[in-house]
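# Architecture and fold: a report
Chain by chain, the residues run as shown.
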Amino acid sequence: MLHLQSFVVLLGVLLWACVGVYAKNVFNYEEQKNISRPYTIQVQRFLCIDTPYKETILHECRMIFRRNQRPLLNVSLEAPKKYNYLMIQFQMHYKFKKYQPFLIDIKAEGCDLMRDRKNDPTRHWLYGVMKDLMSSLVHRCPFGKRTYSGVFSVKEENAPRSIPAGEYRMDIIFTSQTNVTLFSMQLFFEARRRGILKSMLEW
Ligand SMILES: *[C@@H]1O[C@H](CO)[C@@H](O)[C@H](O)[C@H]1NC(C)=O
Ligand SMILES: *[C@@H]1O[C@H](CO)[C@@H](O)[C@H](O)[C@H]1NC(C)=O
Ligand SMILES: *[C@@H]1O[C@H](CO)[C@@H](O)[C@H](O)[C@H]1NC(C)=O
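Parameters and conventions
Residues numbered from 1 in each chain as written. Chains lettered and ligands numbered in written order. Predicted model: local features only at pLDDT ≥ 70, side-chain atom pairs only at ≥ 80, totals over all residues. Pairing = 2+ DSSP bridges. Helix = DSSP H or I, 4+ residues; strand = E, 2+ residues; numbered from the N terminus. Axes fitted to C-alpha atoms, helices over the stretch in contact; angles between N-to-C directions.

The chain appears in an unreviewed UniProt entry as MD-2-related lipid-recognition domain-containing protein from Anopheles quadriannulatus.

### Remarks on the sheet that holds strand β3 (residues 69–83)
Within a sheet, neighbouring strands are paired by backbone hydrogen bonds and run either parallel or antiparallel to one another. As summarised here, the arrangement of the three strands in space is β2-β3-β6, forming an open sheet in which the pairing is antiparallel. The two strands at the open ends of the sheet, each matched to only one other strand, are β2 (57–66) and β6 (143–152). Across this sheet, the average inter-strand angle for adjacent strands is 5 degrees, counted without regard to direction. Sheet analysis places β3 next to β6, joined by nine bridges and oriented antiparallel. Within β6, the residue paired with Ser-76 across the bridge is Ser-149.

### Brief notes about the sheet that holds strand β4 (residues 87–95)
Read across the open sheet, the five strands follow the order β1-β8-β7-β4-β5; overall the sheet is antiparallel. Because the sheet does not close on itself, it has two edges, and the strands there are β1 (39–48) and β5 (99–109). Each strand axis lies, on average, 20 degrees off the axis of its neighbour in the sheet, ignoring direction. In this sheet, strand β8 (residues 181–193) lies alongside β1 in antiparallel orientation, the contact comprising nine bridges. Bridge pairing links Phe-46 to Leu-187 in β8.

Right, dumping it as structure tokens:
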């Protein structure tokens, strides 16, 4: 019998893969954003970790709570050096008993990603999310020799079409070619089902 956890992971991976297949063969991030999600996201915590960084200077890393509105995340990172290579990693975790990698585990080299999404749904998603949430980073190579600042809020439209209810952690890590951590953050959020259906099998 399939363990519940592996079942959920499998289901998640299938759903994730299907996102690309059903959307006219090519994953269109902007089109996907228009499809309403069966869940809501509440961001609970936001941390920049592994600080201080060796090559970059973190000027701001703060979550701003607002009454009846999504919290804002304010990040400002100074990168004095120039980079012709930037490894970008997005890894999502789902809390079973503890946080386990789930559904999204993407690595892409930034210069390459800015040049070409290669008709790959995960690269299209990554690029779309970066354009929405970290627009100052979306530019041609080289990276660095500037300060990257942004104030953003996370919306359902930035997330996959369907995810199970529960607690999540999204890790976003940027590293240099020599594997120096330039930035590393953890975003904790909860996904709640819209409506009254609670069963995981109905997501
Ligand atoms: C998404 O919806 C908006 C407003 O309803 C519309 O203007 C836009 O063209 C749609 N985008 C896509 C890619 O379907
Ligand atoms: C974000 O942080 C920067 C740097 O500390 C600050 O100047 C700016 O006002 C902040 N933005 C918001 C919306 O709080
Ligand atoms: C980069 O460093 C991290 C720890 O900081 C390590 O876990 C990882 O394996 C390293 N990756 C490579 C490709 O060397």
